[in-house]
Every structure is written in structure tokens, then in C-alpha cells.
Amino acid sequence: MKRFEDKVQLVLYPLALNDRSEVATQFALCAGEQDQFWQAHKMLYQHQTQWHRLSNPLDRLLELAGGNGLDTAALKQCVKSGKMEPLVKADQDYARSLQIRSTPTVFINNRRIVGAHSEADFVRTIRQELARAERAAQQ
Amino acid sequence: MAKKSNTRNRNRSTKQPRGTAPFTRQRQRLMLGGVALLVVIGIVVGIRMSRQQSLPPQLQGAIDGHYTRGSAAAEVVIKEFSDYT
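Right, let's walk through the structure included here.

Criteria and cut-off values
- Residues numbered from 1 in each chain as written.
- Chains lettered and ligands numbered in written order.
- Predicted model: local features only at pLDDT ≥ 70, side-chain atom pairs only at ≥ 80, totals over all residues.
- Pairing = 2+ DSSP bridges.
- Helix = DSSP H or I, 4+ residues; strand = E, 2+ residues; numbered from the N terminus.
- Contact = placed C-beta atoms within 7 Å.
- Nonpolar A, V, L, I, M, F, W, Y, C, P; charged D, E, K, R; others polar.
- Buried ≥ 20, exposed ≤ 12 C-beta atoms within 10 Å, placed from the backbone.
- Core = buried A, V, L, I, M, F, W, Y, C linked by C-beta atoms within 7 Å.
- Arc of directions from axis to C-beta.
- Axes fitted to C-alpha atoms, helices over the stretch in contact; angles between N-to-C directions.
- Parallel < 35°, antiparallel > 145°, perpendicular 65-115°, else oblique.
- Left-handed = near helix turned anticlockwise from the far one by under 90°.

Right, let's talk about the pairing of strand β3 (residues 111-114) of chain A for a bit. All names here are of chain A. Of the pairings in the sheet, the one linking strand β2 (residues 105-108) to β3 comprises 4 bridges and is antiparallel in character. Pairing of I108 across the sheet is with R111, part of β3. Taken together, β2 and the strand that follows it, β3, pair antiparallel across an intervening segment of 2 residues, in which N109 is found at a positive phi of about 50°.

Below you can see the structure in the form of C-alpha cells.
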């Protein structure tokens, strides 16, 4: 991604497919209020095995967040308030409208890539799209 | 002499099909099965490709209040839908 920084924009849609990931998604969005979204995002994947099977993962997530310098009281209050629920639901609706049934699903411009793919696959598709954009600009 | 050779040929021609007919039918069945399999594989690959490359109209008009990386004026936009679990 870094090599295409000026030419490519990544938009992340954390998609909650079950109750646990809904908590995790709200947690990440709440961390965004502290300008720590990407840190929380990384942490959720890095420590996934420590929380993803728990029936109530929030307590464990708050412990992990505390270790990463986030304001856990504010995080807890934010998640418990449910203020991020509309955003989570909006993304779920958007994903449904795009007929996304599994994750990861990635769109590179309008090209849909479903499932795990190698970095080389993504780089190839990005290059093709950049070349297409260049051709369109020349015309 | 010519008559003799004719009867020999006739004998040969009547014997050969008896032995090869089941083999030919089996071969035809195998070929038909192969063609059917290729058609099925072609349909599956076609469906997969069309799903991967079809243009969802909603994507073009999407409004993002989302976390992003990279330039907002980028020529290529990557939208990643991922689940944390």
C-alpha cells in the first residue's frame, strides 16, 4: 500500500458479521474518537485469539486497550452507550446492498475480489487500474 | 481367386464390429462425460468471474464517513470489507 500512497486510497469498512465482531467494531470506532482507530484496528487482529471466542469480549478488549495507552473508561462508556451502532448497521446495510456475503471482500475501483488473495494479486490489480485511469486521462 | 479374397474380406468385416462395438460405446460415453464436465467447469468459472468483476452500481455513489489511508484524490479507491472475528 505504501508504494502507491499518492495514487491509491484505502477505505476500510469494518463489517460485523456476529455479536462479538459487532462489539469489536464499535470498540474500534470508539477508539477513533481518541484518534486511535488504526491502533485499535491493528490490536484487534494482533490479539484476536485472546478475545474472539469470548461471549463478552469487551472486558478483554479494554484490558488490551489499557496496555496500548487508550483511555479505557472513555472507550467503555462509548461502547456501552451504543452510539456507534447506527454506523455499524449502516455498513451492514451497505455491504448487503453490494451482495457481500463473506469477508474479506475488497473492491479495487469496481473490481470485486472475494476471499484471501496474495499481495501480488492486489498489486497486479492496482497496477491495471492505475494504467486504466492513466489511459482515460490521456483521452 | 478374386471371389476367395472377397469372402475373406466379408468375414473380416463382419467379425470386427462385434468386438469393437462395446468399446466404441464406452468411448462415446466417456467423451460425452468429459464434454459435460467441461461445460459444468466452464459455467462455474464463468459465474465466479462475473461475480468478481461485475460492477455494483451502488459502489459508485457511496458516501464515506470512514477511516481511510492514502490520498483523497487518488485514481484508485480500495474498499475493504473485513470482519474482526
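On the chain A side, the residues contacting the 29 residues of chain B number 45 residues. Broken down by secondary-structure element, the contributors of at least two residues to the side of chain B that touches chain A are α1 (2-53), α2 (57-60), β1 (68-70) and β2 (76-82) of chain B. At 7 residues, the largest contribution of residues to the side of chain B that touches chain A is made by β2(B). Of the residues contributing to the side of chain B that touches chain A, the split by class is 12 nonpolar, 10 polar and 7 charged. Note that strand β1 (residues 8-14) of chain A and β2(B) share 7 bridges and pair parallel. If you follow Q9(A) over to β2(B), its bridge partner there is V77(B).

With that out of the way, let us pick up the environment of T125(A). All names here are of chain A. Mapping T125 onto the fold places it in helix α7 (residues 119-138). According to the C-beta neighbour criterion, T125 is partly exposed, with 18 such atoms within 10 Å. When sequence neighbours within four positions are dropped, the list of residues in contact with T125 reads I108, R111 and I113.

A word on the nonpolar core. Judged by nonpolar contacts, the single largest core of 19 residues is most densely connected at A24(A), F27(A), A28(A), C30(A), A31(A), A40(A) and L75(A). Here this core takes 7 residues from helix α1 (residues 19-32) of chain A, the largest share from any one element. Setting aside anything within four residues of it in sequence, one finds A24(A) in contact with L44(A), P57(A), L61(A), Y84(B) and T85(B).

All names here are of chain A. Taken together, the buried positions of helix α5 (residues 72-81) are L75, C78 and V79. Seen along its axis, α5 keeps its buried residues to an arc of 95°; they face one direction. The exposed set on the far side of α5, more than 90 degrees from its buried face, consists of A73, Q77, K80 and S81. Immediately beyond the C-terminal end of α5, within one or two residues, lies G82, with a positive phi of roughly 75°.

The next thing to look at is the packing of α1(A) against α5(A). Residues and elements named next belong to chain A. Put simply, α1 and α5 touch, their axes get as near as 9 Å, and they point 130° apart. In terms of their interaxial angle, α1 and α5 are classed as oblique. When you trace α1 past α5, the crossing you get is right-handed. Where α1 abuts α5, its residues V23, Q26, F27, C30 and A31 lie against L75, C78 and V79. Taken together, the residues that form the contact of α1 with α5 break down as 7 nonpolar, 1 polar and no charged.

Our next topic: unusual backbone geometry. Residue and element names in this part refer to chain A. Here T103 and P104 are connected by a cis peptide whose omega angle stands at -5°. When you line up the elements, P104 lands in the loop between α6 (85-97) and β2. For Q99, which is not glycine, the phi dihedral falls at a positive 60°. Along the polypeptide, Q99 turns up in the loop between α6 and β2. Residue class for Q99 comes out exposed when judged on the 12 C-beta atoms lying within 10 Å of it. Even without being glycine, N109 reaches a positive phi, approximately 50°. When you line up the elements, N109 lands in the loop between β2 and β3.

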